[in-house]
Amino acid sequence: VLSRDGSKMLASCHDKYVYYFNLVEKELIHRHKHNFNAECVALSNDGELSYSGDKGGYIILYDLIGKKDIINLKAHKASINALALYEDNLNVKL
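Thresholds, definitions, all that
- Residues numbered from 1 in each chain as written.
- Predicted model: local features only at pLDDT ≥ 70, side-chain atom pairs only at ≥ 80, totals over all residues.
- Heavy atoms only, no water.
- Helix = DSSP H or I, 4+ residues; strand = E, 2+ residues; numbered from the N terminus.
- Contact = heavy atoms within 4.5 Å.
- Buried < 20%, exposed > 50% of the residue type's maximum accessible area, 1.4 Å probe, protein only.
- Polar contact = N/O pair within 3.5 Å; in protein donor to acceptor, adjacent residues only side chain to side chain.
- Phe/Tyr/Trp six-rings, centres within 6.5 Å; stacked < 30°, edge-to-face > 60°.
- Lys NZ or Arg CZ within 6 Å of the ring centre and 35° of its normal.

Enquirer: Looking at this structure, I do not really get the environment of A11. What am I missing?
Expert: Positionally, A11 belongs in strand β1 (residues 8-12). Residues A11 and L23, spaced 12 residues apart in sequence, show a C-alpha to C-alpha distance of 12 Å. If near-sequence neighbours (up to four positions away) are discounted, A11 is found in contact with Y17, V18, Y19 and F21.

Encoded structure:
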């Protein structure tokens, strides 16, 4: 998934990592690990948070600036294959 300005990208991979890239500088900024293969990702409107789902049914809300998990939620018994994100100024709906 691309950031709003197209300068950053999140990629979910089957090596259990979510990768965060700077496309302008063509470099890896950071990566964070799931316990299972990461299946899908979403990026907050401000580009500071990533949401990712994995094969084990977990959703991780990750702070890309602070480089730490905010929430690690067992959301389903099966794989999380897709995430849809809606943000307004007060709430985030996942």
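Enquirer: I would appreciate a short explanation of the side chain of S52 in the present structure.
Expert: On the secondary structure map, S52 appears in strand β5 (residues 49-54). A residue is classified by how much of its surface remains accessible, and S52, at 0% relative accessible area, is buried. Engagement of the side chain of S52 in a polar contact is seen with the side chain of H34, the distance being 2.7 Å. When near neighbours in sequence (up to four residues on either side) are disregarded, S52 contacts V18, H32, H34, C40, V41, Y58, I59, I60 and L83.

Enquirer: Just checking my understanding: could you explain the environment of A82 for this structure?
Expert: Mapping A82 onto the fold places it in the loop between β7 (68-74) and β8 (86-87). Residue class for A82 comes out exposed when judged on its relative accessible area of 62%. Separated by 41 residues in sequence, A82 and V41 have C-alpha atoms that sit 7.6 Å apart.

Enquirer: Got a minute to help me understand the environment of I80 in this structure?
Expert: One can find I80 in the loop between β7 and β8. Separated by 58 residues in the primary sequence, I80 and N22 place their C-alpha atoms 26 Å from one another. In contact with I80, not counting residues within four places along its chain, are E39, C40, G53, D54, G57, Y58, I59 and A75.

Enquirer: Please clarify how the packing of aromatic side chains should be interpreted in this entry.
Expert: What describes a pair of aromatic rings is the distance from one ring centre to the other and the angle between the planes of the rings. Counted by the stated rule, this structure contains three aromatic pairs. A ring pair is formed by Y17 and Y19, whose centres lie 6.0 Å apart and whose planes are at 45 degrees; its orientation type is tilted. Each member of the pair, Y17 together with Y19, is buried. Among the aromatic residues, ring-to-ring pairing joins Y17, Y19 and F21 into one connected group. Above the ring of Y17, the side-chain terminus of R31 is found at 3.8 Å from the ring centroid.

Nothing here speaks to function; it is all geometry.
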